Amino acid sequence: MKQFDATSGAFQGVFVKHSLGGLKGPRGLIFDSGGNLLVSVQFTTTSAPGEILQYGQDGAVLNPIVSNSDPNAPTAPRGMILSTNDLFVANLTDEPNKNAPPTPGSLLKYSIAGQLIGALTPPAGALPSGAEFHPRAVVLGPDGLLYVSNFPDLRTGLGGQVLRFYPATGALKDVLISSSGGTTCDCVNELNRPEGLVFGPDGDLYITSFRANSSDTDKILIFHGSTYVGQIELDTAGAPRAFAQALLFGPGGRLFVPISGNGPDTGSVRSYDVSTHMFEVVVPSGGPLGAGWYLTFGKTNPSTLSYSQ
């Protein structure tokens, strides 16, 4: 886990050392009210379950919230939020064997002490025909509902949904956004295997989306409710990729986007003015970041993921 100045992008050092306390494959990141860092860990090279680890304000290892020896450990955890004392973790799949055909996942609900409370899944028939529930990220919306990004087909990587759940009961409210994706999609909201999602100060929902093929682009789609209102292109069709797994609003109401891919921008962090879609490079590529995935700020709300100025 590496630390940067949010304004200047200056490297502040390593906050948690590689593999310290089992830190292999970190995904979701949030700070709790006490300033401890919570990290969802997905072991990408083994069939071991994932973990929810925690570190102190100085980066010291604390007892894990959910260890991979727990029978209720998440198999493939990604994004997570902490709402009051409930920890919601997007679990991509329940299949521990990474080489097996994928099984559906669930949005897991734990107590802050690590006890499993329940697993949120959509009822049969809620998703389009052939789609499975493979949640990648979660955020608490301004309406008090849980918004969850869904990767419906791990085989083709096409299409995507955003589902809304009631946090108290775990019941599905609705499938707010749905796209078939790919070249056959005649909609403007080509939402392919979405991951990070966050609400902006403007009230719109921003979602990372990936290219369907070499003639497509990686992008951030913007929705007002269920209505598509625009997109921010991250790369150019046919050029080296510059995609983003996650994103977050930070200082000045700007959208911070860690860039991965196979291009010269890999390892950078961009800061977007969402009114103009223009960006500045806060953390340059070729530096200590490598290829960033999730990010958080010290003033990020752990449930809504909004930034407090």
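You'll find the structure just up there.
Residues numbered from 1 in each chain as written. Predicted model: local features only at pLDDT ≥ 70, side-chain atom pairs only at ≥ 80, totals over all residues. Heavy atoms only, no water.

## Section: the overall build of the chain
Our working definition: Counting from the N terminus, the helices are DSSP H or I runs at least four residues long and the strands are E runs at least two residues long. We compute the radius of gyration from the C-alpha atoms alone; for a globule the expected value is 2.2 Å times N to the 0.38, where N is the number of residues. To sort residues, take the accessible area from a 1.4 Å probe on protein chains only and compare it with the maximum for the residue type: under 20% means buried, over 50% means exposed, and anything in between is partly exposed. Whether two residues touch is decided by their heavy atoms; if any such pair falls within 4.5 Å, the residues are in contact. Surface exposure here means Shrake-Rupley accessible area, sampled with a 1.4 Å probe, where a residue is shielded only by the protein chains that are shown.
Looking only at helices and strands, the chain features zero helices and 23 strands. Scaling as 2.2 N^0.38, a compact globule of 309 residues should have a C-alpha radius of gyration of about 19 Å, and the chain matches this with 18 Å. Dimensions of the chain, computed from the C-alpha atoms along their principal axes, are close to 50 × 50 × 40 Å. Residues classed as buried in the chain amount to 52% of the 309 residues present. The contacts of the chain with a sequence gap of at least 6 include a subset with a gap of at least 24, amounting to 44%. Split by element, the accessible area of the chain, about 12,700 Å² in all, is 51% carbon and sulfur.

## Thoughts on the packing of aromatic side chains
Formally: Paired rings are identified among Phe, Tyr and Trp, the last through its six-membered ring, by centres lying within 6.5 Å, and are further divided according to the angle between planes into stacked (under 30 degrees), edge-to-face (over 60) and tilted (the rest). Charge-over-ring contacts are defined here by two conditions on Lys NZ or Arg CZ: a distance within 6 Å of the ring centre and an angle within 35 degrees of the ring normal.
Across all of its chains, the model carries nine aromatic pairs by this definition. Here the aromatic rings of F4 and F11 are separated by 5.3 Å at their centres, their planes lie at 45 degrees, and the arrangement is tilted. On the basis of relative accessibility, which here comes to 39%, the residue F11 falls in the partly exposed class. Between the NZ or CZ atom of R27 and the centre of the ring of W293, over which it lies, the distance is 3.9 Å. Residue placement shows R270 over the ring face of F279; its charged tip is 4.4 Å from the ring centre.

## Re the pattern of salt bridges
Our working rule: For salt bridges, the criterion is a side-chain nitrogen of Lys or Arg within 4 Å of an Asp or Glu carboxyl oxygen.
Taken as a whole and assessed by the stated rule, the structure comprises 11 salt bridges. Of the charged contacts, one joins R270 and D265 as a salt bridge, the two residues approaching to 2.8 Å between their closest N and O atoms. With a relative accessible area of 31%, D265 lands in the partly exposed category. Here the salt bridges share partners, and the residues they tie into one network are R211, D218, D235 and R241.

## Details of the layout of surface pockets
Worth spelling out the cut-off: Grid points spaced at 1 Å and placed over the protein atoms alone form the basis of the search, with a cavity being a set where a 1.4 Å probe fits but cannot get out and a pocket an open set showing protein on both sides within 12 Å along at least five of seven lines. Lining residues have an atom within 4 Å of a point. Grid points are joined across faces, edges and corners, and a volume is the space filled by probe spheres set on the points. Ten residue types, Ala, Val, Leu, Ile, Met, Phe, Trp, Tyr, Cys and Pro, are classed as nonpolar, four, Asp, Glu, Lys and Arg, as charged, and the remainder, Gly among them, as polar.
The calculated volume of the largest pocket comes to roughly 1,100 Å³. Lining the largest pocket are 35 residues, and of these M1, K2, L29, L289 and Y294 lie nearest its centre. Listed by contribution, the elements that provide at least two residues to the lining of the largest pocket are β1 (2–4), β3 (26–31), β20 (255–258) and β23 (278–283). Here the lining of the largest pocket gets four residues from one element, more than from any other, and that element is β3. Each residue belonging to the lining of the largest pocket can be placed in one class, and the counts come to 22 nonpolar, seven polar and six charged. Estimated volume of the second largest pocket: approximately 160 Å³. For the lining of the second largest pocket, the per-class residue count stands at six nonpolar, seven polar and no charged.

## Observations regarding the sheet that holds strand β4 (residues 37–41)
For clarity, the cut-off: Pairing between strands is defined by DSSP: at least two bridges between the two strands are required. Angles shown run from 0 to 180 degrees and are taken between the N-to-C directions of axes, each axis being a line fitted to C-alpha atoms and, for helices, limited to the stretch in contact.
The strand order across the open sheet built from three strands is β3-β4-β5, with neighbouring strands paired in antiparallel fashion. Two strands close off the open sheet at either side, each with one partner strand: β3 and β5 (51–55). Across this sheet, the average inter-strand angle for adjacent strands is 25 degrees, counted without regard to direction. As judged from the four bridges shared by β3 and β4, these two strands associate in the antiparallel manner. Residue L29 lies in a different strand from β4, and its bridge partner there is V39.

## Focus: the side chain of D216
The cut-off we apply is this: Distance and chemistry together define a polar contact, namely a pair of N or O atoms within 3.5 Å, with one atom able to donate a hydrogen and the other to accept it when in protein, and with adjacent residues in sequence counting only for side-chain atoms on both sides.
Looking at the secondary structure, you find D216 in the loop between β15 (205–209) and β16 (219–224). From its side chain, D216 meets the backbone nitrogen of A212 in a polar contact 2.8 Å long. A distance of 3.2 Å separates polar atoms of two side chains, one belonging to D216 and the other to K219. Sequence-distant contacts of D216, defined by excluding residues within four places in its chain, comprise E190, N192, F210, R211 and A237.

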